[in-house]
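# Observations on chain architecture
Residue-level listing of the chains:
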Amino acid sequence: MAPGATLPVKLIQKVSSTLLFARIAPHFIPAMDKAVHRLTGGKVLLSARMLPGVILTARGAKSGEPRTTPLACMPEDGGASWLLIGSNFGRPGHPAWTGNLLKNPDADVNWQGRDIPVRARLLEGAERAEAWRAVLGFWPPYATYQARIEREIRLFRLERR
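Cut-offs and rules
- Residues numbered from 1 in each chain as written.
- Predicted model: local features only at pLDDT ≥ 70, side-chain atom pairs only at ≥ 80, totals over all residues.
- Heavy atoms only, no water.
- Helix = DSSP H or I, 4+ residues; strand = E, 2+ residues; numbered from the N terminus.
- Buried < 20%, exposed > 50% of the residue type's maximum accessible area, 1.4 Å probe, protein only.
- Contact = heavy atoms within 4.5 Å.
- Pairing = 2+ DSSP bridges.
- Phe/Tyr/Trp six-rings, centres within 6.5 Å; stacked < 30°, edge-to-face > 60°.
- Lys NZ or Arg CZ within 6 Å of the ring centre and 35° of its normal.

Another aspect to go through is the overall build of the protein chain. What the protein chain contains, in helices and strands, is five helices and six strands. In sequence order, the secondary structure elements of the protein chain are arranged as α-α-β-β-β-α-β-β-α-α-β. Relative to its 161 residues, the protein chain shows a buried fraction of 42%. Across the protein chain, the fraction of contacts at a sequence separation of at least 24, relative to all contacts at a separation of at least 6, is 65%.

Below you can see the structure in the form of structure tokens.
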């Protein structure tokens with residue numbers, strides 16, 4: 001449990017760690033986030049009520065076309081950079097956006113209604129281990145996601161360009 005977590009946050013963390021959530025959430029949370037974000041002119045991201053979030057726009061690894069994905073993130077230094085966690089809700093297979101960033105690391109995020117150009121970097125080794133510890137302190141359910149899959153969850157640091 002994250003330090004200082006309230007009862008509603010504890011409940012959300014417990015629910016988000018379940019297999020049922022992993023099966024259902026990917027089908028409605030991103031679509032809902034995209035629609036509300038678009039309708040509010042980038043001012044509201046519903047899932048950010050649970051965790052901070054960005055809207056990532058990256059070029060598709062195969063198509064080269066812009067792909068927009070709402071994602072939970074861990075902001076660093078008040079939004080100077082962000083950690084993105086490729087958990088895919090604890091399902092097998094890396095989420096598509098991670099492959100897009102590997103092929104095309106220059107992207108954009110919408111953070112708190114502002115569009116910001118960023119460069120993504122896959123974290124590895126000691127840097128990844130340190131970031132992973134921080135991520136688990138920030139949102140403990142990521143440990144449950146990692147425990148039920150064989151792949152290593154990809155972590156990216158996005159830095160302003």
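As paired strands, strand S1 (residues 53-59) and strand S4 (residues 106-111) are joined by three bridges and run antiparallel to one another. If you follow Thr 57 over to S4, its bridge partner there is Asp 108. With six bridges connecting them, S4 and strand S5 (residues 114-122) associate as antiparallel partners. Bridged to Asn 110 within S5 is Asp 115. In sequence, S4 turns back onto S5 through a hairpin of two residues, with Gln 112 there showing a positive phi of about 55°.

Aromatic ring pairs are described here by two measures, namely the spacing of the ring centres and the angle between the planes. If you walk through the whole model with that rule in mind, you get three aromatic pairs. Taking the centre distance of 5.8 Å and the plane angle of 65° together, the rings of Trp 82 and Trp 111 count as edge-to-face. Placement of the pair is Trp 82 in strand S3 (residues 81-86) and Trp 111 in strand S4, with a sequence separation of 29 residues. Comparing Trp 82 with Trp 111, the two get one shared label, buried. On the numbers, 5.8 Å between centres and 80° between planes, the contact of Tyr 142 with Tyr 145 is edge-to-face. Here Tyr 142 and its partner Tyr 145 are both found in helix H5 (residues 141-147), three residues apart, which amounts to about one turn of the helix. Using a relative accessible area of 5% as the deciding quantity, one classes Tyr 142 as buried. The ring of Trp 132 carries the charged tip of Arg 128 above its face, separated from the ring centre by 5.0 Å.

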